[in-house]
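Chain by chain, the residues:
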Number of protein chains: 4
Amino acid sequence: KRPRDYGIKIGVLPTGTLNAITDVPGVKVGQVTLKQGDNIRTGVTAILPHDGNLFQQKCPAAIYIGNGFGKLAGYSQVEELGTLETPVVLTNTLSVPTAADALIDYTLRQPGNEQVRSVNPVVGETNDGGLNDIRGRHVTRQHVLDALQKATTGPVEEGNIGAGTGTVCFGFKGGIGTASRKLPAPLGGYTVGVLVQTNFGGVLQIDGVPVGEELGRYSFKETLDRSGDGSCMMVVLTDAPLDARNLKRLARRAFMGMAKTGGIAANGSGDYVIAISTAYRIPHESKATVDALKLLRNDNVSPLFMAAIEATEEAIINSLFAAQTLKGEQGRVVEALPVEKVLEIMKQYDKK
Amino acid sequence: KRPRDYGIKIGVLPTGTLNAITDVPGVKVGQVTLKQGDNIRTGVTAILPHDGNLFQQKCPAAIYIGNGFGKLAGYSQVEELGTLETPVVLTNTLSVPTAADALIDYTLRQPGNEQVRSVNPVVGETNDGGLNDIRGRHVTRQHVLDALQKATTGPVEEGNIGAGTGTVCFGFKGGIGTASRKLPAPLGGYTVGVLVQTNFGGVLQIDGVPVGEELGRYSFKETLDRSGDGSCMMVVLTDAPLDARNLKRLARRAFMGMAKTGGIAANGSGDYVIAISTAYRIPHESKATVDALKLLRNDNVSPLFMAAIEATEEAIINSLFAAQTLKGEQGRVVEALPVEKVLEIMKQYDKK
Amino acid sequence: KRPRDYGIKIGVLPTGTLNAITDVPGVKVGQVTLKQGDNIRTGVTAILPHDGNLFQQKCPAAIYIGNGFGKLAGYSQVEELGTLETPVVLTNTLSVPTAADALIDYTLRQPGNEQVRSVNPVVGETNDGGLNDIRGRHVTRQHVLDALQKATTGPVEEGNIGAGTGTVCFGFKGGIGTASRKLPAPLGGYTVGVLVQTNFGGVLQIDGVPVGEELGRYSFKETLDRSGDGSCMMVVLTDAPLDARNLKRLARRAFMGMAKTGGIAANGSGDYVIAISTAYRIPHESKATVDALKLLRNDNVSPLFMAAIEATEEAIINSLFAAQTLKGEQGRVVEALPVEKVLEIMKQYDKK
Amino acid sequence: KRPRDYGIKIGVLPTGTLNAITDVPGVKVGQVTLKQGDNIRTGVTAILPHDGNLFQQKCPAAIYIGNGFGKLAGYSQVEELGTLETPVVLTNTLSVPTAADALIDYTLRQPGNEQVRSVNPVVGETNDGGLNDIRGRHVTRQHVLDALQKATTGPVEEGNIGAGTGTVCFGFKGGIGTASRKLPAPLGGYTVGVLVQTNFGGVLQIDGVPVGEELGRYSFKETLDRSGDGSCMMVVLTDAPLDARNLKRLARRAFMGMAKTGGIAANGSGDYVIAISTAYRIPHESKATVDALKLLRNDNVSPLFMAAIEATEEAIINSLFAAQTLKGEQGRVVEALPVEKVLEIMKQYDKK
């Protein structure tokens, strides 16, 4: 059961049908989980903004860097050109090159890309080295290609899956989470979907309730521990017709949503947001010298900002509710968020 | 009474003695309030990092732009050189040039600055045009010089004062607020102080409690209103020995604190953070070619990040509790946060 | 006579009719020169992208900061929203607040702006304190309003005029310069116009010829002098339909043009580029939620980049040829570029 | 013979002994060239700032993005933390993941790094797909490890070698180039060394002489060709005690040096500068909470800026002089710069 099923309603805007990134029409997610032996606890999560040849039909996109202690691949070209030309892949820190290589494979092989000689793979990561034998770099190109291949619309599995298999968040087992908001018609009617890979720390708050404090577990409680380290990857999709500039602004709001869960963007946390619009496509080649676009005016973006904040906050909390206790590297066990106890706390704070 | 006097304790870290920006040793604040006739409702708030000649003894500093729809003066030089050479002045949007001019006056006149031919005044602003006859530009250079002159250490007045005289926050009367955190010795023992000028919107949360929803007042409740517009200016001081790079990181965390109050950084909100260290000074001129510095290592900044988040959140809430109902421009009345009602809500949510 | 009249042809692209920023249709320039008494040597240069109400009909724009040791006003809002809502005014460093105030006056007073309560004045500056009594701040709001009022299409006066009255460049008298390029039809047919206020140092090269070396005058010839300080303001206008992202890229190329003259962007040089498109307008208010735009594709911007580089290089050289020997502050004399001698040098290097 | 051997002296500052990046004490370069069969024309160039364990003893560093159409790995962490923790590797666009993986291998295996679970590999690239079967991705991890292994101090081979094996510059064969400047004692006495991988276009100028025009070969001569595409990677090393902020400023000046060769940073050119100081090290772990540093004051950086501009300009020209005619992919031949003819042109322009 997800938090909403327990009556925990984050924010004021309505969710999409699935309360998932896949509420944005056409968006697909594919995940491959590596849970092998004592200490392989990692995986791959792939997000495809649309069904076609993404290199030939690029999406407007932007990347916001909340805290840059991370190894995300593909930043500068997205920043310069304002477009995304590969799916987004999430994995563990030391497997970024493998995933990038796989995205190159994927792109070079796609029909229509026979002449492509340059590809900008976008790969996000968090460090699952607490539970996973990260130095072993167990993710292969095939795992990544499988995740891309398996991608579907519809519900998205959360928790210990894909790139969230081995992550830790607020001292509890983290993972993949997703959520969405659908703006009411007077606010534009657009959908904003978010998917997160949660692996960071701070002082957990669930819908404003100080769960971290109540459970006695939060960063720097006594000493300068490393519990704040990790990272949070946030992917934001929308069908609103935003250009790269406004997508970057939207991305920044996802970071605000992370803040609302009690995240502190600690020194060692690589916090990145990738924001993508599916509303229109920028063809790789065109006989036209101009692209005819209809772009949302600045005046109309604020409800989308609110949606991104809410959906990110909820996606993170969703990841914690879905994740399960996991034993991994060196026998270390990271426990799931104690949901029953959390619900009691929520009730005590009049949020059930 | 401030929120803490009612038992509202935001965050997990201890406050400084005054729970104010002036807990950072040497920091002074001076305010001038213009409340005249029917519709002059504005003012000036000045923050002085130290007592000396700031142009000759510059402070390391950084400015983070959360949402750049604003008119802050002085950004690029602080970004390029990493230093602040004038006090920080806050005022209303259309009085930024006047305040900048006054800071130039102030600096040119200071003994020792007889040869100075270049000054980078740093002025922040929010738009108080809802209550104030902002088009009248009633702030004069003398008002700004008075604020600088009056600056003192010690408690800082909050609410409808200085640059917060005419501001509106979450639909209620906003204003000046301040707070601080003093890190326990194992976390470094440093102090972080924050002062805010609150004039923005979103969905108000007080210590996580959904006060905005409970009171039925929040942005975009029904339509795309302009309630999110405004701005939030945040000034962060610390005695931790940070360089400009880490000060910019610290500044970003203040923005996260704003997010925790329910701010959404709406399109029309100019949200800026100015972060300054008092730990050391960069002399304007020196016979030495190098500056010998002791700079906090990246590994040790995270507790400061947490402190900046908490202090900013609390400073914003403090501003709301202190502000009082005000009538201004065109007879418009903006009511104070209904504190009694808020306390009931807080109690209902088990936070009194 | 301008360098081209002497046969000095910078670059490979053709100029516009006037070889001036005003070759971009609709662009107007107005200048006011203050040359009074012994030591008032300053002024104002205003650039108007179009004839209408710029606040109501904003232009897409971007600002690139080559070296941020300067006091340009208006950066963050242009960066955030991608639009310019006032004319651009250039003046001296300490008169930026006055000029900003005048732009607010200008905007508030324009018919149709009666309800405007927020204005983002864009003011660039260089420090003419070597020849001008800059501490006296002799520029008044009226001077700025006069420059705006006087603005016309057609030829632009260069040299010791307007904001270039008291500037120094490569050790010689600098000033205002302008140039343009008109792309051949196969490259798009667009015009790029540049206006510069030159006040910086380095090792002067004219069309690649080492004039600074030949004349024995360049920065750091023997010691760490301050000859590199100053600043260069560059304003780039184009009728190509670029959005803010591509305008920022265009702006960066103007900085490359400055590099080609031998500028080094010394520590003390505030080098900024403001790039504006006149191809379309973004209305301040609109009933539509989207703007329908035709934007030049990334693939087609490179010739514009080349045009911006060339026009900026030439505009700087034009400023030097036009400027005349001037005596000012404390009797200091800055000599004009010795044109006859320079032409001999050019001839020696086979460029006459 | 290098251009200087022909009497072509770029700039006014003296070179280091070798006129190479390795003039900065301790810096090593290693290169592996892949020239196999008809169409494998690529390679690897590695730059090591010091001899030790770079992960444990990080160098202050910064990356400047001139034009972000490229796939450089490692940007955001360098930007956030201001340090470099792996050697810099240059290769072709589609081999970035392989090189990044190899740098992870290299780092994980180094004695003392047994507990390392996070590595930020820095890899630059240009696209050699005109001469090289880039889609074949022929660079292996072992090639990269070999380049790292082979790295030495002393002279650096230029031209068709390492990562410059298959590159094209201004329509001629490009490659690896290097140069340096040693500041006279009154300017600080520091050394700045630059290494470039040249693969871009524009209108070639050699020491200001319009060689591209004279040879009738430059970008957009008639149509919107793709000759400007490619990329330029620039690596700047210095023993001056700069922090990340001033290293970023230094990096920006290298981009100005590129401009002086006639580069235009065309849309398709990924132009990046990585700047590194060897003057001090930031230990990965330390019992101290602060680092005691002596940092060059802003006032003293300008001669370094000039040095970076000059050395970059010369390194690019050096690459062109060293590169040789090469036949590759699909039988395409790219001719070397016709040195004899160029020297005649130089002579004609009074520069021999």
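No experiment lies behind these values; they were computed from the predicted model shown.

### Side note on the packing of helix α2 (residues 96-109) of chain B against helix α3 (residues 141-150) of chain B
All names here are of chain B. At a closest axis distance of 8 Å, the pairing of α2 and α3 adopts a crossing angle of 55°. Our classification of the angle between α2 and α3 gives oblique. With respect to the hand of their crossing, α2 and α3 are arranged in right-handed fashion. Together, Thr98, Ala99, Asp101, Ala102, Leu103, Asp105, Tyr106 and Arg109 of α2 and Arg141, Val144, Leu145 and Leu148 of α3 make up the contact between the two elements. Residues that form the contact of α2 with α3 fall into these classes: 7 nonpolar, 1 polar and 4 charged.

### What about the packing of aromatic side chains?
A complete count under the given rule lists 14 aromatic pairs over all chains for this structure. A ring pair is formed by Tyr6 of chain C and Phe321 of chain C, whose centres lie 5.9 Å apart and whose planes are at 45°; its orientation type is tilted. Taken together, the residues span a long stretch of sequence, with Tyr6 of chain C in the segment before β1 (28-36) and Phe321 of chain C in helix α6 (residues 302-322) at a distance of 315 residues. In this structure Tyr6 of chain C comes out as partly exposed when scored by relative accessible area, which is 23%. The ring of Phe305 of chain B carries Arg253 of chain B above its face, with NZ or CZ at 3.9 Å from the centroid.

### Comments concerning the sheet that holds strand β6 (residues 122-126) of chain A
In sheet architecture, strand pairing relies on hydrogen bonds along the backbone and comes in two forms, parallel and antiparallel. Residues and elements named next belong to chain A. Spatially, 4 strands are ordered β1-β2-β5-β6 in an open sheet, and the strand pairing comes out mixed. Edge positions in the open sheet fall to β1 (28-36) and β6, since each of these has one partner strand only. If you compare each strand with its neighbour and ignore which way they point, the axes differ by 15° on average. When strand β2 (residues 40-48) meets strand β5 (residues 88-92), the two strands line up antiparallel, connected through 3 bridges. Looking at β5, one finds that Ala46 is bridged to Val89. Contacting β2, β5 and β6, helix α2 (residues 96-109) runs over the sheet at an angle of about 155° to β6. Across the sheet, helix α3 (residues 141-150) touches β1, β2 and β5, and the angle it forms with β1 is around 140°.

### Quick look at the interface of chain B and chain C
How large an interface is tends to be reported as the accessible area lost when its parts come together. Residue-level contacts link 38 residues of chain B with 38 residues of chain C. Here chain B packs against chain C, burying approximately 3,200 Å² in sum over the two surfaces, 48% of which is carbon and sulfur. The largest share of the area that chain B buries against chain C comes from Arg117, Arg135 and Arg137 of chain B, three residues that together contribute 24% of it. Between the two partners, chain B and chain C, sit 6 salt bridges. Across the pair Glu329 of chain C and Arg117 of chain B runs a salt bridge whose closest N-O atoms are separated by 3.9 Å. Inspection of the chain B/chain C interface yields 29 residue pairs in polar contact (both at pLDDT 80 or more).

Rules of the game
- Residues numbered from 1 in each chain as written.
- Chains lettered and ligands numbered in written order.
- Predicted model: local features only at pLDDT ≥ 70, side-chain atom pairs only at ≥ 80, totals over all residues.
- Heavy atoms only, no water.
- Axes fitted to C-alpha atoms, helices over the stretch in contact; angles between N-to-C directions.
- Helix = DSSP H or I, 4+ residues; strand = E, 2+ residues; numbered from the N terminus.
- Parallel < 35°, antiparallel > 145°, perpendicular 65-115°, else oblique.
- Left-handed = near helix turned anticlockwise from the far one by under 90°.
- Contact = heavy atoms within 4.5 Å.
- Nonpolar A, V, L, I, M, F, W, Y, C, P; charged D, E, K, R; others polar.
- Phe/Tyr/Trp six-rings, centres within 6.5 Å; stacked < 30°, edge-to-face > 60°.
- Buried < 20%, exposed > 50% of the residue type's maximum accessible area, 1.4 Å probe, protein only.
- Lys NZ or Arg CZ within 6 Å of the ring centre and 35° of its normal.
- Pairing = 2+ DSSP bridges.
- Buried area = accessible area lost by both parts, 1.4 Å probe.
- Salt bridge = Lys/Arg side-chain N within 4 Å of Asp/Glu carboxyl O.
- Polar contact = N/O pair within 3.5 Å; in protein donor to acceptor, adjacent residues only side chain to side chain.

Purely geometric stuff here, so don't read any function into it on its own.
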